[in-house]
Amino acid sequence: MIVCDNLVKIYKTGDIEVVALQGLDLTVEDGEFMAIIGSSGSGKSTLLNMLGGLDRPSAGTLLVDGTDLLKANDKQMRQYRKDTVGFMWQNNARNLIPYLTAVENVELPMFLKGKVNRNRALELLDMVGMVHRKNSKLNQLSGGEQQRIAMAISIANNPRLLLADEPTGAVDTKTSGMVMDVFRDLNKNLGVTIIIVTHDLKLSKKVNRVVAIRDGRTSSEFIRKSYKEEMQNSENMFLQEEEEDKEELVVVDRAGRLQIPKEYLEKLGLTGKNKLKVEIENGQIIIKAPDMDKIKN
């Protein structure tokens, strides 16, 4: 579904250049349900905007469902946004038009594609458990209700890819769990690829794969070992998590570079060092602090 290869994004303001992504590599399979995490300024929102066709890469490769988003012209980008991708913002004022009812909001992406289907809009509201609020407007809905209606809106154009920016950032823990349940159902029942961008590490328990971004590059991944089995055998997968059910993998890019998690370097007293000693020992790669006296000599 998605191939990012040495992806670069540079923002220019006057004489100042800010490198938001610096050689990011990422592959996402069709039908995956995954999260991208990272601190503020790590590049995760920049990546989401480019995947959504809201911004363009500066260099590298960005393919989504066969569309080259680096080379696409404006017409192709508009078509991509209408046909391929659905987007859900953290701020519900950006998801819902306040003077339209819930069902009219769901119909809006259909209108932009040229074919409004009221029955389909009602089906989508029912899918997210909100058909009983079909005639309600934004100010008549709770935060959790707004989020679920926003999900119905985001899939109204039958996208192959659904992107969500901090979808649980403005709701309480209970509502957050409900929102994630709906995402799981959409992924399972519609087969849509879902990518959630968040700073909430707890979401690693809700999805099958978590990719961490640091300094504009993919740094590590968390993969839940029993996700596929739970998807097939359990309707309460989010309530049965164990911390040891996932493992962390450090990402090695095409040039052989890797980003070692900061907490590992801190624990070994290696922070602030730009040169480390690497050895192969018993089939393992060992990283050590170098002997600085030997380096000086």
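Only a predicted model underlies this, so the values are computations on that prediction, with no experimental measurement involved.

### Quick notes on the overall build of the protein chain
Phase 1 of the analysis: When its secondary structure is counted, the protein chain shows ten helices and 13 strands.
Phase 2 of the analysis: Here the protein chain, with 297 residues, has 46% of them falling under the buried criterion.
Phase 3 of the analysis: Of all intrachain contacts in the protein chain linking residues separated by at least 6 positions in sequence, the fraction that spans at least 24 positions is 63%.
Phase 4 of the analysis: For the protein chain, the computed accessible surface area is about 16100 Å², with 48% contributed by carbon and sulfur atoms.

### Describing the packing of aromatic side chains
Phase 1 of the analysis: Overall, the coordinates contain two aromatic pairs when judged by the stated rule.
Phase 2 of the analysis: On the numbers, 6.5 Å between centres and 40° between planes, the contact of Phe 33 with Phe 183 is tilted. Here Phe 183 lies in helix α7 (residues 173–190) and Phe 33 lies in strand β3 (residues 33–37), a separation of 150 residues in the sequence.
Phase 3 of the analysis: The exposure class of Phe 33 is buried, given its relative accessible area of 1%.
Phase 4 of the analysis: Between the aromatic rings of Phe 87 and Trp 89, the centroid separation amounts to 4.5 Å while the plane-to-plane angle is 35°, which identifies the pairing as tilted. Accessibility assignment for this pair places Phe 87 and Trp 89 in one class, buried.
Phase 5 of the analysis: Here the basic side chain of Lys 9 rests over the ring of Tyr 11, its NZ or CZ set 5.0 Å away from the ring centre.
Phase 6 of the analysis: Positioned above the aromatic ring of Trp 89 is the side chain of Arg 94, whose terminal nitrogen or guanidinium carbon lies 3.5 Å from the ring centre.

### What to know about the pattern of salt bridges
Phase 1 of the analysis: Under the counting rule described, the total for this entry stands at eleven salt bridges.
Phase 2 of the analysis: Where Arg 118 meets Glu 107, a salt bridge forms, and the shortest distance between an N and an O atom there is 2.4 Å. One end of the pair, Arg 118, is in helix α5 (residues 118–127); the other, Glu 107, is in helix α4 (residues 102–113), and eleven residues separate them in sequence.
Phase 3 of the analysis: Classification of Arg 118 as partly exposed rests on a relative accessible area of 41%.
Phase 4 of the analysis: Through salt bridges that share partners, Asp 30, Asp 65 and Arg 160 make up one connected network.

### Comments concerning the side chain of Asn 95
Phase 1 of the analysis: With respect to the helices and strands, the residue Asn 95 is situated in helix α3 (residues 92–95).
Phase 2 of the analysis: Separated by 2.8 Å, the side chain of Asn 95 and the backbone oxygen of Trp 89 make a polar contact.
Phase 3 of the analysis: Ignoring anything within four residues of it in the chain, the contact list for Asn 95 reads Phe 87, Met 88, Trp 89, Asn 105, Gln 147, Ala 150 and Ile 153.

### Side note on α7
Structurally, the α-helix is built with 3.6 residues per turn, so residues lying three or four positions apart point the same way.
Phase 1 of the analysis: Between its terminal C-alpha atoms α7 stretches 26 Å, which fits the 26 Å expected from 18 residues at 1.5 Å a residue.
Phase 2 of the analysis: Those residues of α7 that fall on the buried side of the exposure criterion are Thr 175, Ser 176, Gly 177, Val 179, Met 180, Val 182, Phe 183, Arg 184, Leu 186 and Asn 187.

### Regarding the sheet that holds strand β4 (residues 59–64)
Phase 1 of the analysis: With respect to topology, four strands assemble into an open sheet ordered β2-β1-β4-β5, the strand pairing being antiparallel. Both outer strands of the open sheet, β2 (16–28) and β5 (67–68), are each paired with one neighbouring strand and no more.
Phase 2 of the analysis: Where strand β1 (residues 2–13) meets β4, five bridges bridge the pair, whose relative direction is antiparallel. Bridge pairing links Val 8 to Ala 59 in β4.
Phase 3 of the analysis: Along the sheet, helix α1 (residues 44–51) contacts β1, β2 and β4; its crossing angle with β1, the most-contacted strand, is approximately 110°.

Cut-offs applied
- Residues numbered from 1 in each chain as written.
- Predicted model: local features only at pLDDT ≥ 70, side-chain atom pairs only at ≥ 80, totals over all residues.
- Heavy atoms only, no water.
- Helix = DSSP H or I, 4+ residues; strand = E, 2+ residues; numbered from the N terminus.
- Buried < 20%, exposed > 50% of the residue type's maximum accessible area, 1.4 Å probe, protein only.
- Contact = heavy atoms within 4.5 Å.
- Areas by Shrake-Rupley, 256 points an atom, 1.4 Å probe, with all protein chains shown as cover.
- Phe/Tyr/Trp six-rings, centres within 6.5 Å; stacked < 30°, edge-to-face > 60°.
- Lys NZ or Arg CZ within 6 Å of the ring centre and 35° of its normal.
- Salt bridge = Lys/Arg side-chain N within 4 Å of Asp/Glu carboxyl O.
- Polar contact = N/O pair within 3.5 Å; in protein donor to acceptor, adjacent residues only side chain to side chain.
- Expected span 1.5 Å × (residues − 1).
- Pairing = 2+ DSSP bridges.
- Axes fitted to C-alpha atoms, helices over the stretch in contact; angles between N-to-C directions.

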